[in-house]
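Fold and geometry: a report
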Amino acid sequence: MTITTFIRRRVLSKSSVLLKRVVLPVLLVVFLMQAFTGRQQTEDSVPVPNMILPGEAIDPIIQKTIGQPKHSGRLKEPVVPVPSPVLREQAQVHQPPPPPVPSVAADRSADKGDKGGGNKKRSEKKHKSEKKNPHMKDAEDVKIPPSPWSMATANITDSHKVRYKGHAITNQTVTLTLMSSADKVFMSLNKREIYRNLQDRGIHLVVLNQYTGKVMTKRVFDTFAVGTEEEMTEFIDQIQDGRILVFVVLDECSSGLTWRGRNKLRELGSRWAEKIAYRDMWALVTRKGGLKLAETYSNVATADTGYEWGGPVFLRADFDLEENPKECDWPSNEQNDARSVFCRSYEGYGAMCDCDVREWDDVFFQADDELHHQLAQKPLYKEIGVAILATNRSHYLYKTLKSLWEAPGFNKERVVIYADKPHREINSVAKLFGVPLVISHTFGNTTIKNIRHKIQRVFRDLVGAKFSQETVPAGGLPEDTMAPFMCDYLLLLEDDIQVSIDLFKYLHTLAPVLERDPSVLAISAFNFFGYRDVSNSLTAFYRTAEVNNLVLLLPSRAINEHIAPNWVAADSKRDWYKAMALALKKVPNGAIIYPEMPRARHFGYRGHVISGGVQHNIFKDHVLALTTDYEISANDVLKLEATQYEINLLETLKKSEPTSFDFCKHDLLYDESPIVMFVSYDGPMNDTSAWSHVMKCLRAWEIYPEAGWKGVWQFHYHGHLLSIVGVPFSSYSHLKPEGYKPVTAPPTTTTTTSSSTTTTSPGPASSSTTASSQKGDKDKAAM
């Protein structure tokens, strides 16, 4: 039997049944399905003349650089010139509003009507009905006019409107287009630019009004730095529900973005918040308290860009603006009317714009009213003036003003804001609180000069200080200006300072020292050592010969006699407080008084000389006094005078028990007995490693020697009054017991290998052994 015969008889004869009953019917079904689906795809691929691609609203500058291919099915249309915003506003003022633009569906029905003739009869019938009922209006005519940001009034024709199933274009429909890239972020609303930034790294947030589409606020959070996400999450919580939030990324945003910030973005509907990695691009459009509108993401590892960043992302979101704006049902009065006007234009101010907070006074924390009445009866109440140095940080300024309004003893008629340049939102915040605003124009080419000249004008306007001609820039102190008020005591604040509720009780209590002791040039409410472990006493105050330039109460005597005569030249690059440093050196026993428990704290994450990392690592953990329920005796105030302070300090050091306790390895048991530690320290210009080591173990300020009086630093630590004496720099070094070895910094060790040399430092330890033991069962370890 041949092979051909074998295959025909044994194989094909048995498989013929399978081919007829299974294979051929399957092939027929597949052929029919393919023919049907191919026809449907052909119908769907018909070019639509009014289809628009995502990203077309991007400005023409980056269209060329991106090089997106043109849509093959897009028909060429003539370019419609769009007037500038200024011309558009003029046209809206002098011309009647344009007629409503017909929708895509209306255009199609009109085309069909021209062919069949039925549309003409319907229009004639409608025209007759309008003549019969001239006073009747449709439901659509009763609604509020369309927003100036809507498609109907943005000079966008039907051919430029996106069309997709399930969404009807109305007068309230807007198109938001945005871009996020390594070197630029851009946003446009209905082809009109609303935001552009080329330099600020991090997450950019733009808040839109859900009724009008207008921009209410713009913020940048440099989440590349550690800690800035805390400011972002706090700011998002202050935004009212319903607002449209637009997030974009410039350069990098993930390095400092921890689970706190990512969870906040997830609450807003983000899908990619957890996956944002180093130099990834990301954009999100969402509604606060509602649903996400759109989101996009580009990963640097998968982006085919050839760069070290994720590819630029483009996002387009079409959504309807809400109709019938809702006004808060607040009682009608002057303050609530000002709130309503303010909250229509700005966002991010929390309780000020919360509809549930019905009264103006409910916005603020109500402290001790009886204390306010008591302080208002004192002469100092009318003698203290408050000057706030502001930039373009309106939300910071609001927080500072709010904390002042909550402090009993604050005179609301004697406060003024000095700003660098006119700023619309700063002006609105000042108007909301009824605070006068003075524009102090910049005359220097550096930040240091601008701040110095601004403070120079504050001193001239409010206390009448006289400055020599070489210290005043040309036009720096205009003579044709009128001072808001004159005061004998000036409280100098920055716009990123939060004050405590007992600030003015503290100032009123210590103010007599300024009159009795001419060596005291100022009282500060700020303490660089204001950390939790070393700030425990509300009634402990200290003298320092170091400049503490934050939250200063300056008497006019000190400004006119000591600070103004030592003012630096106009072209100098030195800070303004250098004049105070010179005054402290010239005045015998010159000092500034500061509290152990801070009466003010720094909260700003961005500024001229500060960043998010600095705020997070240095000032974030500062505490603040939270009560007014304490008393300061007159004898304790008198002890702050130079002679009495020296006597009291000497007595305290003599009765203190010397210790070399290792604060890094062990926790000191609580007790109220005073202790003293002698540290190797030869002045701020020499080696300060031992001082920094001890302060680091105490979890206090350890960057450079700050505060202190003649080489002695004091604070309450675990109940003890702890004194740190620098040896041999301090004039109290002679109190060191014989045989006591001053504490020094631990030595560093160098490990040499065949490939490299590594220098490491062991954990904090002491080079001295225990000099004495504490009472009871307190264990001491050698540092």
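Residues numbered from 1 in each chain as written. Predicted model: local features only at pLDDT ≥ 70, side-chain atom pairs only at ≥ 80, totals over all residues. Heavy atoms only, no water.

Quick look at the pairing of strand β13 (residues 489-494)
In summary, the side chains of a regular strand alternate between the two faces of the sheet. Across the six residues of β13, five count as buried, placing the element largely inside the fold. Relative to β13, strand β10 (residues 384-390) runs parallel, the two being bridged by six bridges. Bridge pairing in β13 places I384 opposite Y489. Pairing analysis gives four bridges linking β13 to strand β17 (residues 552-555), with the strands arranged antiparallel. In the strand pairing of β17, Y489 is matched with P555. (Buried < 20%, exposed > 50% of the residue type's maximum accessible area, 1.4 Å probe, protein only. Helix = DSSP H or I, 4+ residues; strand = E, 2+ residues; numbered from the N terminus. Pairing = 2+ DSSP bridges.)

Notes on the pairing of strand β3 (residues 192-197)
Examined bridge by bridge, strand β2 (residues 185-189) and β3 share five bridges and lie antiparallel to one another. Within the sheet, the bridge partner assigned to F186 lies in β3 and is R196. Where β2 folds back onto β3 in an antiparallel hairpin, the turn is made up of two residues, including N190, whose phi is positive at roughly 55°.

Side note on a negative patch on the surface
On the surface, a cluster of negative charge is made up of D368, D369, E370, D629 and E631. With respect to the helices and strands, E631 occurs in the loop between α18 (612-619) and α19 (634-638). A relative accessible area of 67% means that E631 is categorised as exposed. (Patch = residues over 30% accessible without salt bridge, like charges linked within 9 Å, V, L, I, M, F, W, Y side chains within 5 Å. Areas by Shrake-Rupley, 256 points an atom, 1.4 Å probe, with all protein chains shown as cover. Salt bridge = Lys/Arg side-chain N within 4 Å of Asp/Glu carboxyl O. Lys, Arg positive; Asp, Glu negative; His and termini not counted. Charge placed at Lys NZ, Arg CZ, Asp CG, Glu CD.)

Considerations on the sheet that holds strand β7 (residues 281-287)
With antiparallel pairing, the five strands of this open sheet are ordered in space as β5-β4-β6-β7-β8. Each of the sheet's edge strands pairs with one partner strand only, and the pair in question is β5 (215-221) and β8 (292-298). Across the sheet, the axes of successive neighbouring strands diverge by a mean angle of 10°, strand direction being ignored. Note: strand β4 (residues 202-208) against β5, six bridges, orientation antiparallel. (Axes fitted to C-alpha atoms, helices over the stretch in contact; angles between N-to-C directions.)

Structural notes on the environment of P518
By the element assignment, P518 lies in the loop between α15 (503-516) and β15 (520-524). Residue classification places P518 among the exposed positions, given a relative accessible area of 53%. Measuring from C-alpha to C-alpha, the distance between P518 and G590 comes to 8.3 Å, with 72 residues separating the pair along the chain. Once you skip the residues sitting within four places of it in the chain, P518 turns out to touch R557 and V587. (Contact = heavy atoms within 4.5 Å.)

Quick look at the confidence of the model for the chain
Averaged over all residues, the pLDDT of the chain equals 79, while 76% of them reach at least 70. Here residues 753-783 is modelled with pLDDT under 50, and outside its nearest four sequence neighbours on either side it reaches 78 contacts, counting other chains as well. (pLDDT = per-residue confidence, 0-100.)

Description of a nonpolar patch on the surface
A grouping of L18, L19, V22, V23, L24, V26, L27 and V30 is seen on the molecular surface, where their side chains present a nonpolar patch of about 690 Å² in accessible area. Summarising the element assignment, L18 is placed in helix α1 (residues 3-44).

Some details on the sheet that holds β13
With respect to topology, eight strands assemble into an open sheet ordered β12-β11-β10-β13-β17-β15-β18-β16, the strand pairing being mixed. Two strands bound the open sheet, and with one partner strand each, they are β12 (437-439) and β16 (541-544). Strand-to-strand twist in this sheet, taken as the mean axis angle between neighbours without regard to direction, amounts to 25°. Summarising the sheet, β10 and strand β11 (residues 415-419) pair through five bridges and their orientation is parallel. Across the sheet, V386 pairs through a bridge with V415, a residue of β11.

Re the environment of V220
Here V220 lies in strand β5. Linking V220 and D200, residues 20 residues apart in sequence, is a C-alpha distance of 7.1 Å. Once residues lying within four places of it in the same chain are set aside, the contact partners of V220 are Y195, D200, R201, I203, H204 and R606.

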